[in-house]
Structure formats: C-alpha cells, structure tokens
Amino acid sequence: MHPATPAPADEPTQHNGSLPAAGWNRRHLLRMLAGTAIAVPAAGLLAACGGEEEPAVDPKAPVTVSFFWWGGEARAKLTEEALKLYTSKHPNVTITPTWQAFTGYYDKLATISAGGNAPDIFQIDDNGLAEYAGRNVTLDLSKYTANKKIDVSKHPESLTKYGQLGGKQVAIATGENTPAIIYDKTKLTELGIEVPQIGWTYEQTITWAAGVTTKAGGKYWGLMDPSSDYKALWLWLRAQGKEFYDGPKLAFTEADLVAWFQLWVDARAKGATPPADVCHEAVTGSVATQLVVTKKAAVSFMWSNQLSEMQKATKNDLGMTAYPGDPKGQWARASTYWAASRTTKAPDVVADIINFLVNDVEAGKILGVDRGLPNNLDVRKSVSDGLTDQKMKDTVAFENEITPKFGPAPAPPPKGHSGLRNTLRDIAETVSYGKQTPEAAAKQFFTEATAALA
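We now turn to the structure provided with this report.

Let's shift gears to the sheet that holds strand β2 (residues 93-100). One open sheet holds the five strands; their spatial order is β2-β1-β3-β14-β6, and the pairing between them is mixed. Edge positions in the sheet fall to β2 and β6 (172-173), since each of these pairs with one other strand and no more. Each of β1 (63-70), β2 and β3 (121-124) touches helix α3 (residues 73-89); the most contacted strand, β2, lies at about 175° to it. Across the sheet, helix α4 (residues 105-113) lies against β1, β2 and β3, angled at about 150° from β1, the strand it touches most.

Moving on, we come to unusual backbone geometry. In this structure, N136 takes a positive phi of about 65° despite not being glycine. One can find N136 in the loop between α5 (129-134) and α6 (142-146). Even without being a glycine, K148 presents a positive backbone phi close to 65°. Its place among the elements puts K148 in the loop between α6 and α7 (157-161). When its relative accessible area of 53% is taken as the criterion, K148 is described as exposed.

Moving on: the nonpolar core. Membership of the largest hydrophobic core comes to 98 residues, with the highest contact counts inside it found for L250, L257, W260 and F445. Those residues in contact with L250, other than ones at most four positions away along the chain, are F244, Y245, L420, F445, F446, A449 and L453. Judged by nonpolar contacts, the second largest core, of 33 residues, contains Y86, I95, V152 and A351.

What counts and how
- Residues numbered from 1 in each chain as written.
- Predicted model: local features only at pLDDT ≥ 70, side-chain atom pairs only at ≥ 80, totals over all residues.
- Heavy atoms only, no water.
- Pairing = 2+ DSSP bridges.
- Helix = DSSP H or I, 4+ residues; strand = E, 2+ residues; numbered from the N terminus.
- Contact = heavy atoms within 4.5 Å.
- Axes fitted to C-alpha atoms, helices over the stretch in contact; angles between N-to-C directions.
- Buried < 20%, exposed > 50% of the residue type's maximum accessible area, 1.4 Å probe, protein only.
- Core = buried A, V, L, I, M, F, W, Y, C linked by side-chain atoms within 4.5 Å.

Below, the structure is given as structure tokens:
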C-alpha cells in the first residue's frame, strides 16, 4: 500500500491550493461537444427503444477499456496500482490509462469526446458533469446501481444522489468531502478562547470572532470574510431551507444576496473580519495564503480534506468543524466522479471497474484518501485504520461525525457554474472594498448570472 496522500478538493478554480486554475473554456467545450449528442450507433438506438434484447456477452472475452483522469504523479501511481489489481483479478481485461495535469484536461476530454469517442471511463467534477451529461456523453449507470452491479448501499445517500441528473445516475463519486472551517487551536488556547462548535449560527460566530480580534489586540482577526465563497453562500441558503440553483436558474433572490453581503459588511464593522486588503490575499483558496496559515486570522473557510495540507504549512496546531449554521445545510459532496462513455463497447465491464474502485477494500487501501474519503463506509473505516497522518484521521473522524447531520444533496450545479463562482468572488470583493453597496452588487450579480446560465 502506498502512503495515503492529502486529498485535493478537486475544485478547478478557487478554494483549492492543490490544483491549478481552470484550463478549459466553456465555449470551446460546447463547440467540441456539439456533435456528440447525435453520434448514437444504430444498435444503441434499438436498445434505447426497447425493441431488441442485448446480445449475450462472453464474460471471459478479451476487453480493452480506456481510462482518463487528471492529477499529479502521486495520484497516477496510486490509480495505476489499483487498476493493475483489477486486471490481475480479471486477466481478460486490458485497461489503457491516460492522465495529465488539470490544466487543459477538459479541453482534451472535449476533443476526444467529439463524435462519440469519449474514454470508456473518465474523471469529472461537478463543474463539468451537467455539461457532459446534458450533451449525452455519459452512460446512464442507473441500471447498474439498481441491480447492485455498482453497489451504493453502503455509500451516504446524499453522495450517491449528487451524481444524479434528470433522474439518471450519470456518475459515481470517487470520494467524499464537505466544506469545513479550519481554525488555529494553538492561538485560541493562547488567547483563552473556546474553539468554534458545530451548530453555531453565523451571528454567534461573528460575535465570537469579534471577541477574538479584541482579545488579540486588533492586529489579529477572528475569521476570514467568506462573502466571496460560493459554498459558504450555498450552505447559508440551505440552512434557511433555500437552494443555490433550481435546475438551470438561481433559486434565491436578490434580497437574499443583499442580506448575505450585508452580513459581512456588518461583521467587518464589528472587527470580526480583517480589512479587504488582508482578505484579498486568501480569496483564491491557495493553502499557502490562507489567513490561518499566515497567522492573520483564527478561522479559514476551506474543504474538510484540506486540513492535513494546511497543517503542513504551519507549526500551530489546527482543528476543524462545520461551517456556521444548521449542519443540515451541508451534504456529502463528491470530490470528483467516475463517469462512463455512453458509446463504450463494454458497459458491463466499465460498471464493474467503477464498482471495484469505490467498493473493494484492497483498492481502497491503495487509493487512500487521494480523491476524498472513500464512499463505502466499510472501506472508509479500513482506510482510516491504516492512516498514520493524524490530521487525515481527524478529517475522517469529522466526516463520520457530521455525515448523519447532513441534509439531502442538491442536484449537481448546472452549466455555467464554474464561471459564476468567479463572478461571485469578484463582485463580493467590490462590496468588501466599499466600491459597491450590497444592493448594487446583488443586482450586478443577478444580471451576470442570467447571462452565464443561459
């Protein structure tokens, strides 16, 4: 077993220091995928109409499956070892792996998917899932989850549902993570202040943070301003029974966004958050610039699987808890997914490989937590028992503690989500710098969101 590597949040833009910025252009993606929806083999059309039975397939016949993902060398080594374990148990199956860095990944995937030639299995995230499923690139895995050829019975239900679109299981999560605040236990102990707790409201958290700033003498602040953080806004909305999206449209109102921006204007006035210039240092999500790491604030808004990576960047002891608000606002988010090509010639084998990667204990021990905590809770425990990194253990413990408190998962974000996250970040900063009122900023966001989601 290779040592488990820190699990990247696999966000293609902000909130993750382990991956480069998004390298794909949505217009290019749409151009490349434009022809894939019509590239349906005749046999596929007959099967879809239900007029023909599928021909019997010899389970021992030679099969070659293409497999494509993004990541670094460490991830490649772990993935290839897990795939070799599969082929050792299925000698008739040959898997041809291809991987690259995240930059340019979606450009290449779009290119090779054009004309219905997508890799048999490929890695995708929730920024691209709706795009590819909507263009009919992905194989519907519903029958495999229904007959347990892909067994999701020991996966958190909300994690499984986060791979569903239009009533279809279009992908299977590779692992789980969830938003988490990471705080400086060493500094809070030094100041004699309790650590933040699951279930605190935003108002409680802001009052607590203002107290941290006061106790620290005004040169150290309570928490990062998360007004530009789409996941913080999303969880704040969900804790109130609302959502970020309703299909391809925003599910909240301008008034909601005004209230969100105003919450952080008031927090800054109370001294709970730093000045805009200080917060700007951390808005890209890079671990190295987080205010907990640079020792400018006690709390950073991150992903649960980034605790270990952040701990390596500071000598102070770090802790983790849920974002403020009712934890029902949180859900088991897929760090990335395994998707399959609709035009694969070996759908049963493809489903079996995906099932193996997410449910086999040996495979789980090889993959560790590189793509998030294992979906299968039995595999998760086995992997957790073998971890030596204390912060990775803390991450697993946190996920296990909070999972029962999760609310139902929303549908994966629609097309345009990736760009809209950056729009929120940029517009929120105009408020924090005092260049726009919350009302004007909310109006601008909704205008731009309408265009982005069209």
